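Chain by chain, the residues:
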Amino acid sequence: MNHLAEFNIGVLKYDWNDPRLADFQNNLDRVYKIAERSAGYVWHLDPAQMETAQLDVNGAIGGNPRAASTLSVWEDAKSLQDFTYNTVHKHFYDRKSEWYDPADQLWTGHRLVMWWVPEGHRPTVDDAMARLRMLEQNGQTESAFSWDYLANDG
């Protein structure tokens, strides 16, 4: 049985300690806890490990101090979709333009990539960035896709 891996990444408009990010930062733990209680949730990379990966200048993300990303695994697409759009997460998702800078990208524009992983597998940030690059280079395939691909029975 396969599970769905999800990686999303963006570049913040402001430094992490900027007061304009306070509402975003002050609710990260809340949103993670809601995810953990959501039906179909399997795992997410610990925020401290994600921060280390984001700040590693030699790592896959490149050391951008304004990078903000999550890497998670869900039982299926419906579980991820329900969490994303039917919990308090949606409130913060709808405010992304307040915090994320669409002009400052680490890549060519994709912010989300999904792919199927065997049950029990925990992807790494390197895996996730490789899938994001696959999506950018090849478009949506069975190996790297977004919501549109799933909506078209991918």
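What this report covers is the structure whose coordinates are included nearby. Since this is a predicted model, take the numbers as computed values, not measurements.

Here is what the cut-offs are and how they apply
Residues numbered from 1 in each chain as written. Predicted model: local features only at pLDDT ≥ 70, side-chain atom pairs only at ≥ 80, totals over all residues. Heavy atoms only, no water. Helix = DSSP H or I, 4+ residues; strand = E, 2+ residues; numbered from the N terminus. Buried < 20%, exposed > 50% of the residue type's maximum accessible area, 1.4 Å probe, protein only. Salt bridge = Lys/Arg side-chain N within 4 Å of Asp/Glu carboxyl O. Core = buried A, V, L, I, M, F, W, Y, C linked by side-chain atoms within 4.5 Å. Contact = heavy atoms within 4.5 Å.

Here we look at the environment of Ile9
- Looking at the element boundaries, Ile9 is found in strand S1 (residues 2–11).
- Residue classification places Ile9 among the buried positions, given a relative accessible area of 2%.
- Considered as a pair, Ile9 and Ser79 are 70 residues apart in the sequence and their alpha carbons are 20 Å apart.

Focus on the pattern of salt bridges
- For the coordinates displayed, the defined rule picks out six salt bridges.
- Between Asp15 and Arg66 there is a salt bridge whose closest N-O contact spans 2.9 Å. Here Asp15 is found in the loop between S1 and helix H1 (22–26), whereas its partner Arg66 is found in the loop between helix H3 (47–55) and strand S3 (67–74), with 51 residues between them in sequence.
- The class of Arg66 is partly exposed, set by a relative accessible area of 26%.
- Here Arg95 ties to Glu98 by a salt bridge, and the two come within 2.9 Å at their closest N and O atoms.
- A single network of salt bridges, built from pairs that share partners, joins Asp23, Arg95 and Glu98.

A few points about the nonpolar core
- Ranked by size, the top nonpolar core spans 21 residues in total, and within it Leu12 and Trp99 carry the most contacts.
- Listing elements by their share of this core, those giving two or more residues are helix H2 (28–37), S3, helix H4 (77–86) and helix H8 (147–151).
- When residues no more than four places from it in sequence are discounted, the contact partners of Leu12 are Leu21, Phe24, Arg66, Ala68, Trp99, Tyr100 and Asp101.
- Membership of the second largest hydrophobic core comes to 20 residues, among which are Ala5, Ala128, Met129 and Leu135.

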